[in-house]
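Coordinate inspection notes
Letter by letter, the chains look like this.
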Amino acid sequence: LSRDTLDEDAWDEIEDTLISADIGVAVAREITEALRTRVQVMGARTPEEVRALLREELLRQVTNGFDEKTDRRLRTARHGDRPAVVMVVGVNGTGKTTTCGKLARVLVGDGNTVLLGAADTFRAAAADQLETWGKRVGAEVVRKGEGADPGSVAFDAVRQGIEGKVDTVIIDTAGRLHTKTGLMDELGKVKRVVEKQATVDEVLLVLDATTGQNGMQQARVFAEVVNVTGIVLTKLDGTAKGGIVIAVQRELGVPVKLVGLGEGPDDLAPFEAEPFVDAIIGE
Amino acid sequence: MFETLSDRLTSVFSSLRSKGRLSEADINATAREIRIALLEADVALPVVKDFIAHVKERALGAEVSQALNPAQQVVKIVNEELIEILGGETRRLRFAKTPPTVIMLAGLQGAGKTTLAGKLAYWLKGQGHTPLLVAADLQRPNAVQQLQVMGERAGVPVFAPEPGNGVGDPVQVARRSVEEARRAQHDVVIIDTAGRLGVDAEMMQQAIDIRDAVSPDEILFVVDAMVGQDAVNTAQAFMDGVGFDGVVLTKLDGDARGGAALSVRHITGRPIMFASTGEKLEDFDLFHPDRMAGRILDM
Ligand SMILES: Nc1nc2c(ncn2[C@@H]2O[C@H](COP(=O)(O)OP(=O)(O)OP(=O)(O)O)[C@@H](O)[C@H]2O)c(=O)[nH]1
Ligand SMILES: Nc1nc2c(ncn2[C@@H]2O[C@H](COP(=O)(O)OP(=O)(O)OP(=O)(O)O)[C@@H](O)[C@H]2O)c(=O)[nH]1
Ligand SMILES: [K+]
Ligand SMILES: [Mg+2]
Ligand SMILES: [Mg+2]
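Summarised in this report is the structure supplied together with it. (Residues numbered from 1 in each chain as written. Chains lettered and ligands numbered in written order. Predicted model: local features only at pLDDT ≥ 70, side-chain atom pairs only at ≥ 80, totals over all residues. Heavy atoms only, no water.)

**Notes on the environment of Glu180 of chain B**
Residues and elements named next belong to chain B. Rules: Only DSSP runs of H or I reaching four residues or more are called helices, and only runs of E reaching two or more are called strands; each is numbered from the N terminus. Remark: exposure states derive from per-residue accessible area (1.4 Å probe, protein chains only) relative to the maximum for the residue type, with buried under 20%, exposed over 50%, and partly exposed in between. By the convention used here, residues are in contact when the closest approach between their heavy atoms is within 4.5 Å.
Mapped onto the secondary structure, Glu180 falls in helix α8 (residues 170-184). On the basis of relative accessible area, Glu180 is assigned to the partly exposed category, the value being 21%. When the C-alpha positions of Glu180 and Pro100 are compared, they lie 10.0 Å apart, and in sequence the two are 80 residues distant. The residues touching Glu180, leaving out its near neighbours within four places in the chain, are Leu132 and Phe159.

**As for the side chain of Glu202 of chain A**
All names here are of chain A. The criterion, for reference: The definition of a polar contact used here is a pair of N or O atoms within 3.5 Å, where within protein one atom must be able to donate a hydrogen and the other to accept one, and adjacent residues in sequence count solely through side-chain atom pairs.
Turning to its location among the elements, Glu202 is positioned in strand β5 (residues 200-208). A distance of 2.7 Å separates the side chain of Glu202 from the backbone nitrogen of Arg75, its partner in a polar contact. Excluding its chain neighbours within four sequence positions, the residues that come into contact with Glu202 are Arg73, Leu74, Arg75, Val85, Val86, Met87, Thr229, Gly230 and Lys257.

**Quick word on the coordination of the potassium ion (ligand 3)**
Octahedral six-donor coordination of a metal ideally yields angles of 90 or 180 degrees, compared with 109.5 degrees for tetrahedral four-donor coordination. The condition that has to hold: Sites may look incomplete because water is not among the atoms; the donors themselves are N, O and S atoms within 2.8 Å of the metal, or within 3.2 Å for Na, K and Ca.
Distances from the potassium ion (ligand 3) to its protein donors, Asp208 of chain A (OD) and Asp224 of chain B (OD), fall at 2.8 to 3.0 Å. With Asp208 of chain A in strand β5 and Asp224 of chain B in strand β5 (residues 218-224), this residue pair bridges two chains. Neither Asp208 of chain A nor Asp224 of chain B differs from the other in exposure class; each is buried.

**Notes on helix α2 (residues 24-40) of chain B**
Residue and element names in this part refer to chain B. Selection rule: Helices are assigned an expected span. That span is 1.5 Å times one less than the residue count.
End to end, α2 covers 24 Å across 17 residues, agreeing with the expected 24 Å (1.5 Å per residue, within 8%). Among the 17 residues of α2, 13 are classified as buried, and the element is accordingly described as predominantly covered. Downstream of α2 by one or two residues, Asp42 has phi in the positive range, about 75 degrees.

**A few points about the site of ligand 1**
What counts is decided by this rule: In these notes, residues near a molecule or strand are those with any non-hydrogen atom within 4 Å of it. Accessible surface area values rest on a Shrake-Rupley calculation with a 1.4 Å probe, where residue burial reflects the displayed protein chains alone. Under the convention adopted here, Pro, Cys and the residues Ala, Val, Leu, Ile, Met, Phe, Trp and Tyr are nonpolar, Asp, Glu, Lys and Arg are charged, and Gly plus all remaining residues are polar.
Inspection of the region around ligand 1 gives 22 residues, with Lys96, Thr97, Thr98, Asp237 and Glu263 of chain A positioned closest. Chains contributing residues to the immediate surroundings of ligand 1 are chains A and B. Out of a free accessible area of 650 Å², ligand 1 has 96% covered by protein chains. For the shell around ligand 1, the element with the highest residue contribution is helix α4 (residues 96-109) of chain A, accounting for four residues. Grouping the amino acids of the shell around ligand 1 by side-chain chemistry returns two nonpolar, 12 polar and eight charged.

**A short note on the pairing of strand β7 (residues 272-276) of chain B**
Residue and element names in this part refer to chain B. Applied cut-off: Strands are treated as partners if at least two bridges between them are detected by DSSP. Looking down the strands as they point away from you, a crossover is right-handed if its path from the first strand over the helix to the second goes clockwise.
Most of β7 is tucked away, with five of its five residues classed as buried. Where strand β6 (residues 246-250) lies against β7, three bridges are found, and the strand directions are parallel. Pairing of Val247 across the sheet is with Ile272, part of β7. After leaving β6, the chain enters helix α11 (residues 260-268) and then returns to the sheet as β7, a path that is right-handed. Here three bridges tie β7 to strand β8 (residues 284-286), and the two strands are oriented antiparallel to one another. Paired with Ala275 across the two strands is Asp285, which belongs to β8.

**Looking at helix α2 (residues 25-42) of chain A**
Residues and elements named next belong to chain A. Put simply, the rule is: Relevant arc is that of directions from the helix axis to the C-beta atoms, nothing else.
For α2, with 18 residues, the first-to-last C-alpha span of 25 Å sits near the 26 Å given by 1.5 Å per residue. Along α2, the residues classified as buried are Val25, Val27, Ala28, Ile31, Thr32, Leu35 and Val39. The buried residues of α2 all sit within an arc of 165 degrees when viewed along its axis, so they share a single face. Looking at α2, the residues exposed on the side facing more than 90 degrees away from the buried face are Ala26, Gln40 and Val41.

**Overview of the site of ligand 2**
Residues in close proximity to ligand 2 total 23 residues, the closest being Lys113, Thr114, Thr115, Arg140 and Glu279 of chain B. Bordering ligand 2 are residues originating from chains A and B. Gln146 of chain B is positioned with one of its side-chain polar atoms (N or O) 2.9 Å from an oxygen atom of ligand 2. With respect to ligand 2, the backbone of Gly195 of chain B contributes an N or O atom lying 3.4 Å from an oxygen atom. When ligand 2 sits alone it has 650 Å² of accessible area, and the protein chains cover 96% of it. Ranked by the residues each element gives to the shell around ligand 2, the list is headed by helix α6 (residues 113-126) of chain B, at four residues.

**Concerning the interface of chain B and chain A**
Accessible area lost upon the coming together of the parts is a frequently used measure of interface size. The line we're drawing: Computed with a 1.4 Å rolling probe, the buried area is the accessible surface lost when two parts are put together, summed over both parts. Salt bridge, as applied in this entry: a Lys or Arg side-chain nitrogen positioned within 4 Å of an Asp or Glu carboxyl oxygen.
Contacts between the two partners involve 37 residues from chain B, matched on the other side by 39 residues from chain A. Across the chain B to chain A interface the summed buried area is about 3300 Å²; carbon plus sulfur atoms make up 53%. Note that Asp16 of chain A is salt-bridged to Arg35 of chain B, the shortest N-O span being 3.2 Å. Summed over the shared surface of chain B and chain A, the number is 18 residue pairs in polar contact (both at pLDDT 80 or more).

In structure tokens:
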């Protein structure tokens, strides 16, 4: 967008910027075409004017269909005599356990009691990792031995949450590729087991911002199996922009609710469309 | 979900009735379709551009215009070029003349380094080596325990003198591990390091310090096959920072097309040596360029 006139190269440059943010060819093209039309209609000329229109168009794409005031809020408050239950899911290594810890930190900081359920009984030292987070942020952890049934850990965590009158139970689950039907069935079962005692208020799908087009496939399958209610976009502190969430939000109708901005306990923030878009456009 | 490159090109060439030279319009349409196919497979944009320029040259040549089926011919060229780039000078691990051979792992957070450390140790042990795993990620919560569990499963000892979780100096641990390997006669040392971002200068310096303390025979860059356009930035940052000799592609058991393989290979010139294909110790293989090319092209 550094050119004076908008020749074909400039339009290609805009499309390239979008593609480089992992928005995907189809959506990038759609945005560029919409922008072209608007530039024609509005008679915009200078790169600054076009940049402002691009920003608007991107913001529209990111916020379209959502009420920014309410839809990105997390449901973590107790209701009736039951704690709110949050399940955290996603493929391997995206930042689920870390997100559980950070989220507990926020809730505890707001004066809530939080119980963490270590339903990743598969990965080496996963429960230990969650326990470290629990200690760090002041949340108790319910765990069982390696190889225990994840559903039974989740069940126990929720039961203890009910008995202890806890505000929020956060259940960490094992990373699993969406292509592994056995593991996806297991995840569905974990959710159903929890639902025997309480409502699952949030199912957060954790997507790594470095993920490319496969993120869409992940989102589709997880949404099908456990009815995802929000996206957490992690590792935005790196160079990746996480543009795939635009297509994910659109297709699932589910908003990004939180972003991960580092490995520390305070590196979690509500998703905001403007900084997200500005990071894609640059400067 | 995606149209395959063959499908795309078949429709491009369907208007091409009579043989003869391809017009410039034909060539451009071809380039466009290849571009889309590669981008949908997450090959990074600058790599796509270089790659297409190269393929275009060949597509202009006689082999395409005279082909009975120009679409298939172009797909064949793309496939060949992919294999060429992915596979040029594949090589095995380099072992030190005087043991221990030191292998250091590096990469982004969550890429699969610790799991790979266990797999590599298990694989080497199966070949008669006596590896030692080294817990030099003292940052990520319980990374040390995670490696210890991997070591236990692999039946390989783990050098873990520091508890981690922020306690201990990874550079010291790495240095001492080599002495320990000499003492206890381990012929290979595999150093697991913390995940780090390419833009984190302090953490990159730590990796450089570990490297300088142990002079690895191999630094392996571990990268997730699901990575998108950021593959170029990250690969370049690790190349410029700690540097690396080979690449390991992880999580290939999923359905990501894995364009990152091409991106990393093209940008850094470093060979992809291994493929990680699951969470279990034995889910590990040498890298096969032809399979990867087919995967990227969805063939
Ligand atoms: N830079 C950065 N690193 C992160 C962020 N979130 C998590 N990480 C790191 O990413 C790595 C993986 O995080 P985990 O929380 O273990 O991921 P997970 O999804 O629970 O992994 P599995 O349970 O193995 O599937 C760790 O090194 C984390 O410290 C983030 O927002 N930014
Ligand atoms: N499906 C699959 N999962 C894998 C593969 N390699 C690693 N994983 C999983 O990916 C997650 C992260 O792996 P780790 O080995 O902890 O990754 P890491 O790079 O050491 O992570 P940090 O130390 O936090 O930077 C874990 O859940 C692993 O079980 C693979 O090839 N396939
Ligand atoms: K990852
Ligand atoms: Mg985890
Ligand atoms: Mg690790």
